[in-house]
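# Notes for the structure review
Letter by letter, the chains look like this.
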Amino acid sequence: MAAAPYEEAPSSPRREPPSYSTSPRHSYASSSSTSLEALETAEGVNIPRPRHHRSDTLSTMMFAFQPDLLPLSLSEPDREGEPAEKTVGLFTGVALVVGSQIGSGIFSSPGVVLANVKSVGAALLIWIVGGLLAWTGASSFAELGSMIPLNGGAQAYLAYAYGPLPSYLFAWTAISVLKPGGAAIIALIFGEYTCRLIFHATGVDTSPDDIPQWAIKLTAVGAVFAVSIICVASSKMGTRAAGVFMVVKVAALISIMILGIVQLIRRRETSSLTEPIFTGTSSNPSSYALALYSGLWAYDGWDQVNYVAGELKNVERTLPRVIHISMAIVTALFVAANLSYFILLEKSTVMISNTVALDFGRAFFGSVGGIVFSAMVAFSCFGALNGGFFTSARIIYAAGQEGFLPSLFGRLHSTRKTPLNAMALQALMTSSFIALGGGFRNLVNFYSVASWGFYFLTVLGLLVLRIKEPNLQRPYRTWTITPLTFSAVALFLLLMPIFAAPLSALAAVGFILAGIPVYYITHRGRHGSDDSSKKISKDPVLLRVFPFLGGLVSRVRGRSEAPRLSQRDREEETMEMLERRN
């Protein structure tokens with residue numbers, strides 16, 4: 001992919017995505033007269049808006065909004081009236097993305113990739129294809145983020161494209177499994193490398209069983225609480241720390257690349273490269289899917305800046321630049337690092353190793369190299385944990401504002417302006433995964449199936465929005481082939497593990513679907529006696545899950561299936577809209 005795969009948006013007048021305040025009343029799609037386009041046709045009128053009482057209780061009507069409009073409270077500042085500070089610039093954004101991507105994956109996933117595809121050449125291709133695939137997804141998220149510049153990332157995009165239930169399921173899965181589970185993997189790898197230093201277990205003959213599991217888990221939990229303190233201490237400390245971690249980690253990968261080049265110049269490469277590199281390549285398609293999952297686990301983090309889009313300076317220009325600069329840096333470094341691994345390490349060594357970087361350091365510098373590279377990997381994992389916690393807390397924060405979680409999680413600290421309560425929940429969930437979670441490879445498979453399912457829906461939602469809202473302002477517009485390619489490959493990646501690792505895949509799907517009854521149980525009876533709510537409850541399940549289909553059904557039937565708003569409510573919606581725009 002090119003460094004900036006996008007099309008210039010047409011020069012015709014564009015419409016800005018609206019920013020709404022939370023309102024307790026209901027609004028549903030009935031016709032084009034109440035759509036986003038119709039609401040925005042009135043401009044230049046400054047009408048005073050009547051004040052409404054706002055409730056801070058756990059509202060179950062957090063998505064009582066027109067399906068063609070943005071979720072109301074996602075663009076809402078903190079309920080105390082304090083908006084999130086614009087503290088994330090170009091360098092800080094790149095630091096968050098690169099710092100999150102260069103974590104544990106590049107130091108642990110190469111062995112999993114090679115074990116699946118069986119050959120060095122195929123493994124290198126997986127890393128190249130994985131980088132390009134991640135780039136197509138990142139480009140699609142760049143368009144979504146510049147079009148809908150809100151905190152919460154995929155949660156906001158899914159709500160806007162499909163409606164409340166998919167957005168809820170993402171929040172349910174991300175908060176319960178994806179984010180704490182991913183952070184737990186990183187923290188455990190940090191704990192293992194750190195404990196190797198503490199217990200002097202960096203030698204060649206060291207067995208992983210020589211390190212007590214309780215020590216690894218205790219160290220991992222300590223790292224979790226350390227990064228939590230960094231991220232909530234101030235609104236700028238987390239991003240400043242991310243910048244420092246990024247510089248050190250990029251320098252570390254460059255040093256690995258240089259060491260590999262030195263060995264290659266000295267013609268001391270191993271048989272991994274002197275023999276035909278495609279010898280023994282697997283012919284099982286599902287093995288490639290699992291290998292891609294493990295490679296994409298290393299690339300994961302390309303969407304991190306989208307979770308803090310509401311805190312980006314000049315988001316329309318900064319977000320696409322952050323994503324493309326980050327992906328160019330990370331893809332080049334990951335491919336070069338894997339090539340260096342194979343220069344110094346035998347294929348059989350890489351295939352069974354979860355500590356490739358440690359083996360690499362020992363192969364070049366002996367026992368001293370093992371110590372140095374253990375420290376380097378531990379530092380890298382700690383930096384990735386910091387970046388992940390900084391952005392993951394924003395998902396919980398947005399979910400708290402939407403009513404998916406109690407409202408206390410949707411508040412900023414009164415003086416520090418950081419999501420303290422959300423960070424505390426993230427730390428607690430991650431610590432639970434560290435204490436109770438399974439093995440590394442099972443966690444990666446479960447994590448990948450669940451996360452890529454939502455990546456697929458979110459990027460597909462980009463195409464849905466191009467049809468639903470063709471005139472919505474798009475400061476950045478990626479090539480159409482980009483989301484199509486990403487969606488097709490992501491769908492393949494979702495289907496193949498059912499045959500290769502069915503238990504992990506089915507566990508992920510089952511957990512996501514378990515959120516559907518939870519959604520309806522927790523929302524039952526919260527709509528009150530509003531006639532429109534009763535009417536909506538009678539709609540087919542498919543239309544309630546994907547409200548954007550309601551407009552198509554209405555056009556086919558030739559009439560509106562949704563309840564009409566009162567004239568007063570229509571006027572109040574318009575006045576809120578105009579006040580926000582002014």
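Scoring rules and cut-offs
- Residues numbered from 1 in each chain as written.
- Predicted model: local features only at pLDDT ≥ 70, side-chain atom pairs only at ≥ 80, totals over all residues.
- Heavy atoms only, no water.
- Core = buried A, V, L, I, M, F, W, Y, C linked by side-chain atoms within 4.5 Å.
- Buried < 20%, exposed > 50% of the residue type's maximum accessible area, 1.4 Å probe, protein only.
- Helix = DSSP H or I, 4+ residues; strand = E, 2+ residues; numbered from the N terminus.
- Contact = heavy atoms within 4.5 Å.
- Phe/Tyr/Trp six-rings, centres within 6.5 Å; stacked < 30°, edge-to-face > 60°.
- Lys NZ or Arg CZ within 6 Å of the ring centre and 35° of its normal.
- Axes fitted to C-alpha atoms, helices over the stretch in contact; angles between N-to-C directions.
- Parallel < 35°, antiparallel > 145°, perpendicular 65-115°, else oblique.
- Left-handed = near helix turned anticlockwise from the far one by under 90°.
- Nonpolar A, V, L, I, M, F, W, Y, C, P; charged D, E, K, R; others polar.
- Expected span 1.5 Å × (residues − 1).
- Salt bridge = Lys/Arg side-chain N within 4 Å of Asp/Glu carboxyl O.

Within an unreviewed UniProt entry, the label attached to the chain reads L-methionine transporter, and the organism entered is Hydnum rufescens UP504.

### Brief notes about the nonpolar core
If you look at the biggest cluster of nonpolar residues, it comprises 153 residues, and the most contacted ones within it are Phe107, Leu253, Ile256, Phe334, Leu385, Phe389 and Trp452. Per-element tally for this core: the top contributor is helix H6 (residues 164-198), with 19 residues. Aside from chain neighbours lying at most four places away, what touches Phe334 is Gln101, Ile102, Ile106, Trp127, Leu253, Ala298 and Tyr299.

### Describing the packing of aromatic side chains
Considering all chains together, one arrives at 18 aromatic pairs under this definition. Members of the aromatic cluster, joined through ring pairs, are Phe141, Tyr157, Trp302, Tyr455 and Phe486. The ring of Phe390 has Arg394 sitting right over it, with the charged end atom 4.1 Å from the ring centre.

### Looking at the packing of helix H3 (residues 105-117) against helix H11 (residues 315-344)
Between H3 and H11, the shortest axis-to-axis distance is 11 Å and the interhelical angle comes to 65 degrees. Our classification of the angle between H3 and H11 gives roughly perpendicular. Taken as a pair, H3 and H11 cross one another with a handedness that is right-handed. Contact with H3, carried on its side by Ile106, Phe107, Pro110 and Leu114, involves Phe334, Ala337, Asn338, Tyr341 and Phe342 of H11 and no other residues of that element. Tallied by class, the residues present in the contact of H3 with H11 amount to 8 nonpolar, 1 polar and no charged.

### Structural notes on the packing of helix H2 (residues 90-101) against helix H14 (residues 367-402)
Taken N-terminus to C-terminus, the directions of H2 and H14 make an angle of 125 degrees; their axes are 7 Å apart at the nearest point. Taken as axis vectors, H2 and H14 run oblique relative to one another. Classified by chirality, the crossing of H14 by H2 is left-handed. In this structure, H2 contributes Leu96, Gly99 and Ser100 to the contact, and H14 contributes Gly383, Ala384, Gly387, Gly388 and Phe390. Looking at the contact of H2 with H14, its residues break down into 3 nonpolar, 5 polar and no charged.

### Some thoughts on helix H10 (residues 285-299)
Its 15 residues place the ends of H10 21 Å apart at the C-alpha level, agreeing with the 21 Å of an ideal helix rising 1.5 Å per residue. When you tally the buried positions in H10, you get 13 out of 15 residues, the bulk of the element. Phi turns positive one or two residues past the end of H10, at Gly301, with a value near 120 degrees.

### Notes on the pattern of salt bridges
Under the defined criterion, the tally for this structure stands at 5 salt bridges. Among the salt bridges present, the one from Arg474 reaches Glu143, with a minimum N-O distance of 3.2 Å. Here the residue Arg474 occupies a position in the loop between helix H16 (440-468) and strand E2 (477-478), and Glu143 occupies one in helix H4 (residues 120-147), the gap between them amounting to 331 residues. Assigned by exposure class, Arg474 and Glu143 land together as buried. For Glu192, the salt bridge is made with Arg196, and the minimal N-O distance between the two is 3.5 Å. Residue Glu192 and its partner Arg196 are both found in helix H6; the two are separated by 4 residues, about one turn of the helix. Arg196 sits in the buried class, given a relative accessible area of 4%. One connected set of salt bridges, linked through shared partners, spans Glu143, Arg466 and Arg474.

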